[in-house]
Amino acid sequence: MTTAHDAVVLAGGAARRLGGVDKPGVRVGGRSLLDRVLAACAGARGTVVVGDPRPTVRPVRWTREEPIGTGPVAALDAGAAALRSPAPETDTAPGVLLALSADLPFLGEPTVLRLLAALDAAPEAEAALLTDADGRDQPLVAAYRTGPLRRRLDELLQAHQGLDHLPLRFLVEGLRVVRVPAGPDEPLASFDCDTWEDIATARARIRDHGAVLDEWITAAKTELGIDLDVDTGVLLDLARDAAHGVARPAAPLTTFLVGYAAAKAAEGGTAPAEAVAEASRKAAALAQRWAAEQSEQAEQSEQAEQAEQGETG
């Protein structure tokens, strides 16, 4: 079972190297950077975004560090405070908090689950931090136990008479940490977008042949409000059969009709994924029968022609 957890997403930086644009709202693959991160931590019980409110792919709570613009440690403190219950946390209080920055275009749920699993597997650890390909800690791609996190933030507050503009390494130095290397499924999970060159790199990568379909389907499902896992291969095979066996325009029309039929079946109680699979099977069989008729007709025509040539010969 996945460890129960909350999430704080930091989305209030000044983005100076991007000319001061609203960086969390910059789109990569048709989705804002913030929405991409929110999708990665969708399993959180509660999510607080530290930044200016804006439309998002799922409901979140909003807060800001005070004063605004005083850095990531102050922002993390504000987000954690917004999630806390009225009673103060203690070192023995249960709970895990994900801390994520809002500019991670390649962060996905697999990395989040690996961080949670690493923390769960190390009872003595107070935080699980992702490390990048060069072994650098990523304090904003991390899972923290809420009690020790609160303790460390309080220690920094007392030691520095505030949290303004403190480096994140100060936070990490006071915690027992387990480090989690980036996994082969998401090697770029910690890639962040600080410049327009970074944005261009991210946009190019998601259009790579091996990733573009998954990226497009995820973006389309998000835009349409669909939460459904579909066998992409089945639908692509159906589109191919319709295009080759009937006519090219039949491919998009057939897949639309399959979606409509699946929606009607789901209204009657059939599981959505099962409804899509069954509708796809029926349509694929029809396309194959259609193609078989053409082949049969062509074969019969050829036989008739050969017979006619034999008679005249």
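Residues numbered from 1 in each chain as written. Predicted model: local features only at pLDDT ≥ 70, side-chain atom pairs only at ≥ 80, totals over all residues. Heavy atoms only, no water.

Before going further, it helps to spend a moment on the sheet that holds strand 5 (residues 61-63). Strands sit in the order 5-4-1-6-8-7-9 across an open sheet of 7 strands; the sheet is mixed. With one partner strand each, in any of the chains shown, strand 5 and strand 9 (177-181) form the two edges of the open sheet. Strand-to-strand twist of the sheet, defined as the mean angle between neighbouring strand axes without regard to direction, takes the value 25°. Taken together, the 5 bridges between strand 7 (residues 127-131) and strand 8 (residues 137-145) define a ladder with antiparallel strand orientation. Considered in strand 8, the bridge of Leu 130 is made with Gln 138. Helix-sheet contacts for helix 2 (residues 72-83) involve strand 1 (6-10), strand 4 (47-50), strand 5, strand 6 (96-101) and strand 8, and the interaxial angle to strand 1 is about 145°. Set on the sheet, helix 4 (residues 146-160) makes contact with strand 6 and strand 8; between it and strand 8 the angle comes to about 120°. (Pairing = 2+ DSSP bridges. Helix = DSSP H or I, 4+ residues; strand = E, 2+ residues; numbered from the N terminus. Axes fitted to C-alpha atoms, helices over the stretch in contact; angles between N-to-C directions. Contact = heavy atoms within 4.5 Å.)

Moving on: the side chain of Asp 241. By secondary structure assignment, the location of Asp 241 is in helix 8 (residues 232-245). Residue classification places Asp 241 among the buried residues on the basis of a relative accessible area of 15%. Here Gln 288 takes part through its side chain, which lies 3.4 Å from a polar atom of the side chain of Asp 241. Once you skip the residues sitting within four places of it in the chain, Asp 241 turns out to touch Val 246, Ala 284, Ala 287 and Gln 288. (Buried < 20%, exposed > 50% of the residue type's maximum accessible area, 1.4 Å probe, protein only. Polar contact = N/O pair within 3.5 Å; in protein donor to acceptor, adjacent residues only side chain to side chain.)

Let us look at a nonpolar patch on the surface. Taken together, the side chains of Val 212, Leu 213 and Leu 236 define a hydrophobic patch exposed on the protein surface, amounting to about 230 Å² of accessible area. Assignment of secondary structure puts Val 212 in helix 7 (residues 212-224). Judged by its relative accessible area of 32%, Val 212 is partly exposed. (Patch = residues over 30% accessible without salt bridge, like charges linked within 9 Å, V, L, I, M, F, W, Y side chains within 5 Å. Areas by Shrake-Rupley, 256 points an atom, 1.4 Å probe, with all protein chains shown as cover. Salt bridge = Lys/Arg side-chain N within 4 Å of Asp/Glu carboxyl O.)

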